[in-house]
Amino acid sequence: LTVLTPGGETVRIADEFTREEFCSIRVQDESGATDPRYTEFVVPARQAFAWQRTLENPGAMALFIAVLLVVLVAMATFRSPAVALMPDVTIKPLRSKANAIINLMGTAGGIIVLVLGTLMQTGSTKNALMSYIPYFIVIGIIMLAALVVFMWKVNEPLFVQQMHQQSERYGIAEDPQPQGGGRRLPRGEFISLLLILSSVVLWFMGYNAITSKYSLYAGSVLNLSYSTTLLIANAAAVAAYIPVGIIASKVGRKKTILAGVLMLGAAFLAASFQRAGSPAALMTALFALAGIGWATINVNSFPMVVELCREGDVGRYTGFYYTASMAAQTVTPIFSGFLMDRFGMTVLFPYGTVFVLLAFFTMLFVKHGDNRPTAGDKLEMLGDAD
């Protein structure tokens, strides 16, 4: 039995099967477990067939890429301004806690998507060729409902005015924005900004490679369903967001981020040694640790960026943050996919580990953007206001 590879080469994949025997292989055996012959032979054959059909009809792939581009541009258009609302309406000492709420809600949205995927069994091997139209319709309805609530409940001018009043009350109001544009950062703060953004690029390179490829990795290397594992990671992150915000307000954002980077790197390093037959509970525990580490990083990294700017520059610095994160999320699936094709799928978790640990070293040299000291009596008032 032979298939056509993406390189155009005809390769024999199974000498022991006739065509009839190959076609009789089912996704699951009698016990309900995934038949290893399906993963080893049918999936590569199906992928090779899809590649051949794409070569014969490239218009479908071009249309998919165009639609995906529109979706990503639309997401970038609303995402940065939406997140920039937080520092616009929140006094500086409370921004880590406020960012914890942002990430909590974002992860809650991710959990909703994973629950829908679990209910519709999008991660099941037997549904690899299912139609996703009902799934996308449900997601679209949820997003439109969120937009209606946002337009109904969010009064930005009022919230900004209240933030100014609170800042003046606690004696932490900024000087007015100078005429002619934003403040020029001193050299030390500028270097810290570059190091923070470099760290953002590096940990997104590692984390997004894992999350974007894990659905394929779980089925091919671990023989596990990916939905439950990612759901556990998101649930762990949800549980960690609020405590992490509180911890950061006590010990500082930088130290909290460094601890989170170590947790994330340790989880990825341990996951590098897991293979088919490894305990599913262990992989779940590692993803829970990764979720807590990612929550620890995410809660504090964005506030460190906007801590360096004046009020009128919040939107611009939010753009810096999301340019760094989205650039990494654009590059890393391509680069990690290339390495997986070249060296095998097991390179995925070592790849993520290397980038996450590199982020530890860039973050280590950051000197600015941490929590600013606040007088004890004012800190108590801020706690009461929170």
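Up top is the structure.
Numbering of residues starts from 1 in each chain and follows the order in which that chain's sequence is written. In keeping with the predicted nature of the model, local features appear solely for residues at pLDDT of at least 70, side-chain atom pairs appear and are counted solely at 80 or more, and the whole-chain, interface and lining totals rest on all residues. Here the side-chain values reflect all heavy atoms present in the structure, with hydrogen atoms and water set aside.

Quick word on the overall build of the chain
Counting from the N terminus, the helices are DSSP H or I runs at least four residues long and the strands are E runs at least two residues long. A count of helical and extended segments in the chain gives 13 helices and two strands. Contacts: residue pairs with any heavy atoms within 4.5 Å of one another. Across the chain, contacts joining residues at least 24 apart in sequence account for 77% of those joining residues at least 6 apart. The Shrake-Rupley method, run with a 1.4 Å probe sphere, supplies the accessible areas, and residue values consider only the shown protein chains as cover. Accessible surface, the chain: about 20800 Å² in total, of which carbon and sulfur atoms supply 66%.

Side note on the packing of aromatic side chains
Each aromatic pair joins two rings of Phe, Tyr and Trp (for Trp, the six-membered one) with centres within 6.5 Å, and gets the label stacked for planes under 30 degrees apart, edge-to-face for over 60, and tilted for any other angle. What the rule picks out here adds up to 19 aromatic pairs. With centroids separated by 5.2 Å and ring planes inclined at 55°, the aromatic side chains of Tyr-317 and Phe-320 adopt a geometry described as tilted. Highlighted residues: Tyr-317 and Phe-320, both in helix H11 (residues 314-343), separated by three residues, approximately one helical turn. Burial classification: accessible surface area is computed with a 1.4 Å probe over protein chains only, and a residue below 20% of its type maximum counts as buried, one above 50% as exposed, and the rest as partly exposed. On the basis of relative accessible area, Phe-320 is assigned to the partly exposed category, the value being 31%. A ring pair is formed by Tyr-351 and Phe-355, whose centres lie 4.8 Å apart and whose planes are at 55°; its orientation type is tilted. Note that Tyr-351 and Phe-355 are positioned in helix H12 (residues 348-364) at a spacing of four residues, about one turn of the helix. With a relative accessible area of 5%, Tyr-351 lands in the buried category. Ring-pair connections join several aromatic residues into one group, and the members of that group are Phe-204, Tyr-207, Tyr-214, Tyr-217, Phe-268, Phe-287, Trp-294 and Phe-349. Its end group placed over the ring of Trp-152, Lys-153 keeps NZ or CZ at 4.3 Å from the ring centre. Two thresholds decide whether a charge sits over a ring: the Lys NZ or Arg CZ must be within 6 Å of the ring centre and within 35 degrees of the ring normal.

Regarding the side chain of Thr-229
One can find Thr-229 in helix H8 (residues 226-251). On the basis of relative accessibility, which here comes to 5%, the residue Thr-229 falls in the buried class. The contact partners of Thr-229, leaving out residues within four places of it in the chain, are Tyr-214, Met-283 and Phe-287.

Side note on the nonpolar core
Core analysis: the largest hydrophobic core is formed by 62 residues, its most contacted members being Trp-203, Tyr-214 and Phe-349. Listed by contribution, the elements that provide at least two residues to this core are helix H3 (58-89), helix H4 (95-120), helix H7 (187-222), H8, helix H9 (253-271), helix H10 (280-306), H11 and H12. Considering every element that reaches this core, the biggest residue donor is H7, with 17 residues. Sequence-distant contacts of Trp-203, that is, excluding residues within four places in its chain, are made with Ile-257, Val-261, Trp-294, Ile-297, Ser-301, Phe-355, Ala-359 and Met-363. Membership of the second largest hydrophobic core comes to eight residues, among which are Ala-100, Leu-104, Val-244 and Val-299. The set of buried Ala, Val, Leu, Ile, Met, Phe, Trp, Tyr and Cys residues whose side-chain atoms join them within 4.5 Å is what this entry labels a nonpolar core.

Structural notes on the packing of H3 against helix H6 (residues 156-169)
Two quantities define a packed helix pair, namely the angle between the helix axes and the distance between the axes. A fitted line through C-alpha atoms serves as each axis, taken over the contacting stretch for helices, and the angle formed by two N-to-C directions is quoted from 0 to 180°. H6 packs onto H3 with a crossing angle of 35° between their chain directions and a minimal axis gap of 8 Å. Contact residues: H3 offers Leu-85, Pro-87, Asp-88 and Val-89, while H6 offers Glu-156, Phe-159, Val-160 and Met-163. Side-chain classes are defined by residue name, with Ala, Val, Leu, Ile, Met, Phe, Trp, Tyr, Cys and Pro counting as nonpolar, Asp, Glu, Lys and Arg as charged, and the others, Gly among them, as polar. Here the residues of the contact of H3 with H6 are counted per class, giving six nonpolar, no polar and two charged.

Re the pattern of salt bridges
Here, a salt bridge means any Lys or Arg side-chain nitrogen found within 4 Å of an Asp or Glu carboxyl oxygen. One pass over the structure, following the stated rule, counts two salt bridges. The shortest N-O distance in the salt bridge between Glu-56 and Arg-53 comes to 3.6 Å. Taken together, the positions of Glu-56 and Arg-53, both in helix H2 (residues 36-56) and three residues apart, correspond to about one turn of that helix. As a salt-bridge pair, Arg-253 and Glu-307 come within 2.9 Å of each other at their nearest N and O atoms. Of this pair, Arg-253 sits in helix H9 while Glu-307 sits in the loop between H10 and H11, and the two are 54 residues apart along the sequence. Assigned by exposure class, Arg-253 and Glu-307 land together as buried.

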